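Tertiary structure, described
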Amino acid sequence: MLRRWLLALMTRIGLITSGCCCFLLLFYLLGCKPSSHSKHPSLLWPGGATSKEGYLALLQEREDSHRHYISSLTKQIAELKVALEERTQQLQESLETAKSKGILPQGLESLHNTPTKSDLKEFFRSQLNQAEVSSGVELPNEYALIPFDTFTLQTVYQLETGLTKHPAERPSRRDRRDELVGTVETALHVLNGPQQHADDTRRKRTYSPSDFIQGLTRTERTRGTVYELVFKGDGPQNFAQLVLFRPFGPLMKVKSDGVSTHGIIINIIVPLSGRVDAFEQFMSNFRDVCVRQDGRVHLTVVYFGRDQIDQVKAVLDQITRETRFRSFTLIQMNEKFSRGRGLDVGARAWRQRQNVLLFFCDVDVHFTPDFLTSCRLNADAGKKVYYPVLFSQYNPSIIYSNHTHIPSIKQQLVIKNENGFWRDFGFGMTCQYRSDFINIGGFDRSIRGWGLEDVHLYRKYLHSKLMVVRAPSRGLFHLWHEKSCADELPPDKYKMCMQTKAMSEASHGQLGALFFKREINSQKQSQEI
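Residues numbered from 1 in each chain as written. Predicted model: local features only at pLDDT ≥ 70, side-chain atom pairs only at ≥ 80, totals over all residues. Heavy atoms only, no water.

Considering the overall build of the protein
Rule in force here: Numbering of helices and strands starts at the N terminus; helices are DSSP runs of H or I of at least 4 residues and strands are runs of E of at least 2. Burial classes follow relative accessibility: with a 1.4 Å probe on protein chains only, a residue under 20% of its type's maximum area counts as buried, one over 50% as exposed, and anything between as partly exposed. Contacts are assigned to residue pairs with any non-hydrogen atoms lying within 4.5 Å of each other. Where accessible areas are quoted, they stem from the Shrake-Rupley method and a 1.4 Å probe; at the residue level, only the protein chains shown are allowed to cover.
When helices and strands are counted, the protein shows 16 helices and 16 strands. With 529 residues in all, the protein has 40% of them scored as buried. Relative to all contacts within the protein whose residues are 6 or more apart in sequence, the contacts with residues 24 or more apart total 71%. Working note: accessible area of the protein is about 32000 Å², and carbon and sulfur atoms make up 55% of it.

Written as structure tokens, this is what we have:
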């Protein structure tokens, strides 16, 4: 009897246990079933979770998530470092105040005597002080100057082309690319950091890589690398300019200033004698760039002689009628042409009280609005003068000899090896303030004719304490024109003139193709037989 009762009890317990298990299993399945009415879209692409596209989409999303997380952590670390430096500085100032009042508690003397900067940081600071960053140094001649490279997010414009011989290229070395990209990222962290606008709570703009315009960089082998970066500001005439220095170690912020070019007028001075056709072409570019786009320029034309002076006046009058532009000065000199004399007279003819920015220009030069901005940003009265390296165009009739027609001027102005070269031996195009030009002594007025006057002025600045910014400009071009070297020139000037003429015709490869044209055609005909 007892045995039957126990057997029935065990059976009931088993049934109840089985029922509970089934109920729990059913509840689990219902709770874990994916909802068909989820508010979030599927992370997988069409094709199912097992498709290759779906896995790639998940991997890409996770990679983007990790990248954003790392960027956020990097920014937080930078902010914490700044906060730590500020607290350390505050502590040091408090300790110094307590010591001066004689109330420094016992046991804190060692803390007060501990330097706030390590020996390594002191060394970096000494490197910065010795480098040509904040001020210029006296140099013996034009060969001692280290030129800057100009760079954007995509391209580096360089004078020392190396084996590639490309005046403009994307850096082939990965470490060079990483260096420039890292510099731009560091500048963005500075601009977007909390300490940047501590004094201006109204400004909450966030800078991005698309705001970066261009930068200059050069390396002093015993000091480090300096970077000058320009970003877009709040308006078309406002910019953010940063100077960073890498003393063969971490970057150090030198300064971070807002720069406005709103009130900076450029006095473009052009010496001229004859060549009315070239002057008409120059004024066409002047009208498009200076009058219609920039609007903050004055033109000074210093004309030598009387021949064709009426045609020059007619060109200026036509520009006035078309645009109502009247901010120009025409000075006539009844003497033999001298470029240095003309520029010197044009610079000293400015009668307004404003310390105007001078741009010494030639009638064969073509410039863009970007160059005018670089002119304003890279020249600073009493501190810096700007000596851009222009891109000199080869003879279009040689470059486009295989074309049915020669392209327009704007289509020709492309910086590449086949089209021209950096005119690094020329110092005639320069931006400098009138006060610096007067204080340095101006041009050597005894030089007549062509050449050397620009080199003498350049050397004066090298021997001074002003910084000379020498860098290739992507917005300044020398248009090709027929060049004649007068027989009455002295031997040194005649040699310089002939060298310039030879270099301006075509590249070595193009000249070689012309020289060996008969052999090339003969080989081509033999292959066709």
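Don't stop here, the text continues.
Some details on the nonpolar core
Stated formally: Here the nonpolar core consists of buried residues drawn from Ala, Val, Leu, Ile, Met, Phe, Trp, Tyr and Cys, with membership extended through side-chain atoms lying within 4.5 Å. An automatic or database domain assignment provides the domain bounds reported here.
Formed by 51 residues in total, the largest nonpolar core has its most connected members in Ile268, Phe282, Phe286, Phe359 and Phe367. Per-element tally for this core: the top contributor is helix 6 (residues 276–294), with nine residues. Viewed by domain, this core spans two of them, domain 1 (124–192 + 207–260) and domain 2 (266–481), each represented by three or more residues. Discounting residues that sit within four places of it in the chain, Phe367 has contacts with Ile268, Phe282, Asn285, Val289, Cys290, Phe359, Cys361, Leu372, Gly475 and Leu476. Among the nonpolar cores identified, the runner-up in size contains 21 residues, and Leu145, Val385, Tyr458 and Val468 belong to it.

Describing the pairing of strand 4 (residues 212–220)
Convention followed: Only when DSSP finds a minimum of two bridges between them are two strands counted as paired.
Here strand 4 lies mainly inside the structure; seven of its nine residues are buried. Of the pairings in the sheet, the one linking strand 1 (residues 149–151) to strand 4 comprises three bridges and is antiparallel in character. Counterpart to Thr150 in the pairing with strand 4 is Leu216. The antiparallel pairing of strand 4 with strand 5 (residues 224–232) creates a hairpin that spans three residues between the two strands.

Examining the packing of aromatic side chains
What counts is decided by this rule: Pairing of aromatic side chains requires ring centres within 6.5 Å, counting the rings of Phe and Tyr and the six-membered ring of Trp. Pairs whose planes differ by under 30 degrees are stacked, by over 60 edge-to-face, and all others tilted. The rule is short: NZ of Lys or CZ of Arg within 6 Å of the ring centre and within 35 degrees of the ring normal puts a charge over the ring.
Under the criterion given, the structure shown has 21 aromatic pairs. The structure contains a cluster of three or more aromatic residues connected by ring pairs, namely Phe282, Phe286, Phe325, Phe359, Phe367, Phe371 and Tyr386. One cation-aromatic arrangement involves Arg205 over Tyr207; the distance from NZ or CZ to the ring centre is 4.6 Å. Against the face of Tyr458 rests Arg470, its NZ or CZ located 5.8 Å from the ring centre.

Quick word on unusual backbone geometry
Backbone geometry at Gln308 places phi at a positive 65 degrees, although glycine is not the residue there. Along the polypeptide, Gln308 turns up in the loop between strand 9 (297–304) and helix 7 (309–323). Note on Gln308: relative accessible area 35%, which makes it partly exposed. Backbone geometry at Arg324 places phi at a positive 60 degrees, although glycine is not the residue there.

Looking at the state of the cysteines
As a reminder of what qualifies: Defined by distance alone, a disulfide is two cysteine sulfur atoms within 2.5 Å.
Counting across every chain of the model gives two disulfides. A sulfur-sulfur distance of 2.0 Å marks the disulfide that ties Cys485 to Cys497. Its S-S torsion of approximately -90 degrees makes the covalent link between Cys485 and Cys497 left-handed. Of this pair, Cys485 sits in the loop between strand 16 (467–478) and helix 14 (491–503) while Cys497 sits in helix 14, and the two are twelve residues apart along the sequence. As far as the burial class goes, Cys485 and Cys497 line up, both buried. Cysteine pairing in the protein follows 1-2, 3-4, where each cysteine in a disulfide is numbered by its order in the sequence. Lacking any disulfide linkage, Cys290 is separated from the closest cysteine sulfur, that of Cys361, by 8.8 Å.

Structural notes on helix 5 (residues 174–192)
As a reminder of what qualifies: One less than the number of residues in a helix, times 1.5 Å, gives the span that helix is expected to have.
With 19 residues, helix 5 should cover 27 Å at 1.5 Å per step; its first-to-last C-alpha distance of 27 Å lies within 8% of that length. Listed as buried for helix 5 are Glu179, Leu180, Thr183, Val184, Ala187, Leu188, Val190 and Leu191. Taken together, the buried residues of helix 5 touch strand 1, strand 2 (156–157), strand 4, strand 5, strand 6 (238–246) and strand 7 (252–260).

A few points about the pattern of salt bridges
Under the convention used in this document: Just to be clear on terms, a salt bridge is a Lys or Arg side-chain nitrogen sitting within 4 Å of an Asp or Glu carboxyl oxygen.
Under the criterion given, the structure shown has 17 salt bridges. For Asp234, the salt bridge goes to Arg205, with nearest N and O atoms at 3.7 Å. Of this pair, Asp234 sits in the loop between strand 5 and strand 6 while Arg205 is found in the loop between helix 5 and strand 4, placing the two residues 29 residues apart along the sequence. Among the residues examined, Arg205 registers a relative accessible area of 23% and is labelled partly exposed. The partner of Arg287 in a salt bridge is Glu322, with the nearest N and O atoms 3.1 Å apart. Of this pair, Arg287 sits in helix 6 while Glu322 is found in helix 7, placing the two residues 35 residues apart along the sequence. One salt-bridge network, in which partners are shared between bridges, spans Arg287, Asp288, Arg292 and Glu322.

Describing the side chain of Thr430
Put simply, the rule reads: The definition of a polar contact used here is a pair of N or O atoms within 3.5 Å, where within protein one atom must be able to donate a hydrogen and the other to accept one, and adjacent residues in sequence count solely through side-chain atom pairs.
Mapping Thr430 onto the fold places it in strand 15 (residues 430–433). Classification of Thr430 as buried rests on a relative accessible area of 1%. Only 3.1 Å separates the side chain of Thr430 from the backbone oxygen of Tyr386, close enough to count as a polar contact. Reaching out from Thr430, the side chain makes a polar contact with the side chain of Gln432 at a distance of 3.0 Å. Apart from residues lying up to four places away in sequence, Thr430 is in contact with Leu358, Phe359, Phe360, Tyr386, Tyr387 and Pro388.

Some details on the pairing of strand 6
In terms of residue burial, strand 6 counts as a mostly covered element, since seven of its nine residues are buried. Relative to strand 6, strand 5 runs antiparallel, the two being bridged by eight bridges. Paired with Thr225 across the strands is Arg246, a residue of strand 6. A loop of five residues connects strand 5 with strand 6, the two strands running antiparallel in sequence. Direction of pairing for strand 6 relative to strand 7: antiparallel, over a ladder of eight bridges. Each bridged residue has a counterpart across the sheet, and for Gln241 the counterpart in strand 7 is Asp257.

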